[in-house]
Amino acid sequence: MQASGMTAPRLPPAKAATGFWSWVRVGFFSSTGSSILTLVMAAILVVTLPPLVRWAFLDSIWQTDDPAICREASGACWAVVAEKHRVMLFGTYPYEQQWRGVLVVALMVALILASTVRRWWTPKLLMAWVAGLAVALALQFGGFLGLEFVQTTMWGGLPLTMFIFVGTIAGGMPFAVLLALGRQSDMPIIQKLSAGYIETIRGIPLVNILFMAALMFPLFMPEGVNFDKLLRAQVGMIMFFAAYTAESVRGGLQAIPRGQYEAADSLGVSYWDRTFKIVLPQALRIVIPPIVNDVIRAFKNTSVLVIIGVLDLLGGTMAALEDPEWTRYYVEAYLFIAILYFVFCFSMSQYSQKLEAELKSGRNY
Amino acid sequence: MTIAQDARSSSSSQPARARALSRLVHDRRVRDAVLQIIVLGAVVALIAYLVGNASTALKARGIASGFGYLSQEAGFGIGESLFLTYSPSDTYLRAFAVGLINTLRVSMLAIIAATLIGLVFGLMRLSSNLGASKLAAGYVELFRNTPQLLQIVFWYAVMTDLPRPRQALSPGGDIYLSNRGLILPWPAPHAAYLWAFAALAAGALGAILLTRWARGVQARTGELPNVTHWRTVLIVGLPMLAWAIAGAPTEFERPALRGFNFTGGVTLSPEFVALFLGLALYTGAFIAEIVRSGVESVGRGQVEAARSLGLSQSQIYRLVLIPQALRVMIPPTAGQYVSLAKSSSLAVVIGYPDLVNVSNTTLNQTGHVVEALVLMSAVYLLISFSIAAAMNLYNRAVAIKER
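Residues numbered from 1 in each chain as written. Chains lettered and ligands numbered in written order. Predicted model: local features only at pLDDT ≥ 70, side-chain atom pairs only at ≥ 80, totals over all residues. Heavy atoms only, no water.

Trainee: Please provide a residue-by-residue account of the overall build of chain B, values included.
Mentor: Scanning chain B for helices and strands turns up 13 helices and 8 strands. At 30 Å, chain B has a C-alpha radius of gyration far larger than the 22 Å of a compact globule built from 403 residues. Viewed in the frame of its principal axes, chain B has a C-alpha envelope of about 100 × 70 × 45 Å. Of the contacts formed within chain B by residues at least 6 apart in sequence, a portion of 65% connects residues at least 24 apart. With the model as given, the accessible surface of chain B reaches about 22,300 Å², and the carbon-plus-sulfur share is 65%. Positive and negative charge centroids in chain B, built from 32 and 19 side chains respectively, lie 9 Å apart. (Helix = DSSP H or I, 4+ residues; strand = E, 2+ residues; numbered from the N terminus. Rg over C-alpha atoms; globule rule 2.2 N^0.38 Å. Contact = heavy atoms within 4.5 Å. Areas by Shrake-Rupley, 256 points an atom, 1.4 Å probe, with all protein chains shown as cover. Lys, Arg positive; Asp, Glu negative; His and termini not counted. Charge placed at Lys NZ, Arg CZ, Asp CG, Glu CD.)

Trainee: Describe in detail the nonpolar core, supporting the description with residues and values.
Mentor: A:Phe165, A:Leu253, A:Leu314 and A:Tyr334 are the most contacted members of the largest nonpolar core, which has 177 residues in total. In terms of residues, this core owes the most to one element, helix H7 (residues 157-184) of chain A, which gives 14 residues. Residue contacts for A:Tyr334: discarding those within four places in its chain leaves A:Leu314, A:Thr317, A:Met318, A:Leu321, B:Leu150, B:Val153, B:Phe154 and B:Ala157. (Core = buried A, V, L, I, M, F, W, Y, C linked by side-chain atoms within 4.5 Å. Buried < 20%, exposed > 50% of the residue type's maximum accessible area, 1.4 Å probe, protein only.)

Trainee: Run through the domain arrangement of chain B, naming residues and quoting values.
Mentor: Once the domains are mapped, chain B shows domain 1 (3-60) and domain 2 (92-188 + 251-398). Each of domain 1 of chain B and domain 2 of chain B has a C-alpha centre, and these two points are 52 Å apart. (Domains from an automatic or database assignment.)

Trainee: Help me get a handle on the interface of chain A and chain B, residues and values and all.
Mentor: Taken residue by residue, the interface counts 49 residues in chain A and 53 residues in chain B. Of the roughly 4,400 Å² buried at the junction of chain A and chain B (both faces included), carbon and sulfur atoms supply 73%. Joining chain A to chain B, the criterion identifies 0 salt bridges. Where chain A packs against chain B, one counts 14 residue pairs in polar contact (both at pLDDT 80 or more). Among the elements of the structure, helix H1 (20-28), helix H2 (32-58), helix H8 (188-203), helix H9 (206-220), helix H14 (313-320) and helix H15 (330-361) of chain A are those that each provide at least two residues to the side of chain A that touches chain B. (Buried area = accessible area lost by both parts, 1.4 Å probe. Salt bridge = Lys/Arg side-chain N within 4 Å of Asp/Glu carboxyl O. Polar contact = N/O pair within 3.5 Å; in protein donor to acceptor, adjacent residues only side chain to side chain.)

Trainee: If you had to explain the pairing of strand E3 (residues 181-184) of chain B to someone new, which residues and values would you point to?
Mentor: Residue and element names in this part refer to chain B. With 3 bridges connecting them, strand E2 (residues 175-178) and E3 associate as antiparallel partners. Note on E3: the bridge partner recorded for Ser178 is Gly181. Linking E2 to E3, which pair antiparallel, is a turn of 2 residues. Where E3 lies against strand E8 (residues 266-268), 3 bridges are found, and the strand directions are antiparallel. Paired with Leu182 across the bridge in E8 is Leu268. (Pairing = 2+ DSSP bridges.)

Trainee: Report on a negative patch on the surface, specifying residues and quantitative values.
Mentor: Residues and elements named next belong to chain A. On the surface, Asp65, Asp66, Glu72 and Glu83 cluster together into a patch of negative charge. Take Asp66: it is sitting in the loop between H2 and helix H3 (67-72). What makes Asp66 partly exposed here is its relative accessible area of 34%. (Patch = residues over 30% accessible without salt bridge, like charges linked within 9 Å, V, L, I, M, F, W, Y side chains within 5 Å.)

Trainee: Tell me what's going on with the pairing of E2(B), and back it up with residues and numbers.
Mentor: Residues and elements named next belong to chain B. Two elements, strand E1 (residues 169-172) and E2, share 2 bridges in a ladder whose sense is antiparallel. Bridge pairing in E2 links Leu169 to Leu177. Connecting E1 to the next strand, E2, in antiparallel fashion are 2 residues, including Gly173 with a positive phi near 65 degrees.

Trainee: Could you give an account of the sheet that holds E1(B), naming the residues involved and the relevant values?
Mentor: All names here are of chain B. Pairing in this open sheet of 4 strands is antiparallel, and the strands run E1-E2-E3-E8 from one edge to the other. Since the sheet does not close on itself, it has two edges, and those belong to E1 and E8, each with one partner. Going across the sheet, the axis of each strand differs from the next one's by a mean of 20 degrees, ignoring polarity. (Axes fitted to C-alpha atoms, helices over the stretch in contact; angles between N-to-C directions.)

Here it is, written out as structure tokens:
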């Protein structure tokens, strides 16, 4: 075929695919189907958005201690949050002492935020956690320097949620690593015991485990020994968290090439040195993203404590809504705590994704 | 005393024995065996100690251990029961079975709904339409990042806050939503439905056999007989034929307001609806993410190659995208199904009479705490393992077959 004498017609340059209108065209009207979808959604938005805005902002009551005012208004009654936030956030903790709960939560949040900075992942951070937790527990318990002593049965709300959450991670992580090592072990009995524990716990609901912690655990103790109910719940949460996280850790252990183990063995490195100085540092780095997912789930799972009568954030809110004057404003109250949970979980998951991308690309490390 | 000291202090014929001992101590197999025996012994001793304490405590309370209580009269009512009739004069065992059926009922329906929700929102999130993909992303993030129990409690509050039956909301078609639950019309009972159900089972079996036969033919001759239409006939046609022969009933029981409540039709209690919504919407958000990552895992090149070979859009989905995406999607979806079934236990908070609720009442009434909790755990384990096993079978069917 001879193409030498032919000249192709000169085409105009392609339309610039940038700018607002191009974005609208590509994003909303790229095809007939897409256009119809956009129009349908726009119609729904036009119908639903104005009443929603009116309910949430324009006709809503933000501050009143009189539920009658809310009943007359046609919008949301955010005043339920203003009126009941003490019970929602602190449960049955003594009213005058609730500033201690504020400090506890602030301390925990500061520690969690500090833990997200990778430069600070050093033994010092661990010491900061130990010190911070000790201070937080001392504040929460009181009983010194004129601070009133507060029993765990009076604890509640957000500080309680934070304590259980942090306790679950702190207690569950080492247990999870041990279980994962056990499951990967070449000793048959240790391997079977670890696998059996992991599979059994993963096969039954958290509710079930908390019931056991609340009802069965006291039976199993010798006469006269009585563990604190909150501590028992904490043990249940740890057992549950460890079984799931062990599987995440195992994923990392399996990703370490056999050569690493063999090289260590041929150098005569002992099992524990090999595990703690060679295998785990590499394995744990790989599994940070799935572990963050386990951590997020652990935070959401603290709400299940309601079932055994522990007044965490959700429990405090349900208790606040038992007031017949305010019970009809449950949407506002639940939305408020949903936002609290959401902010925490969503930022954790965004952080996990960012971390995953960084660790994958191998930069910064 | 250390081994070295031991060896030095003994007479001249001893060093050989000491060396043997030292070899024993440093032998990895021996050490492993000893360590394992110690761990096993510790675990057994701990369990024996705990069980011993429990039996002493129970004896002190005058509770005979064992599952004998299951045959005693339960004496408490259960709000809803399907298949099994139940009254307070029935046994604890029957109450337990009713709870189990309630757990399975809500789990199965929620699994189906969550799968559909996940498919729709997962594909929406992949849509080129920004509005659709942002809407799906919003749904996924909102429902994944708030506690499931909060969602269930919220839906229950919404359900109980609905108007009374007299002012029930109705989208038409004899469907009513009130604080007594969701009321739907239902086909009037007729033997034809039983026949159709039996025909469906027979048809499904026939379809499996037909597929086996077709595979056999393919293995022998290399030609795969086209049995797709025959399979449809067996699974859809046969039940419809049975229904038609048995009288083709079309009558519906329509709910009607009598006094303060509805009669007729089928009623889904507020507890059931709230739990169903909480389970389906929460898990649906997770499945949507699985669907999205499954489809994204199939390389763009595959789709482009299929298109350049002239495959139609539906063929690309049916022959290229879905078979490969399914392989990635099934294992995590199986995990979601298991966790949905387990999460149905959150029902206890809103009073839906599931396994946990019934077991809880039982152990409160009888004091058989250990037995009731162990029985409950065993059943949940069985449910979890069954779902995992079923999904494993399915996974094996769609996995890459290497020969």
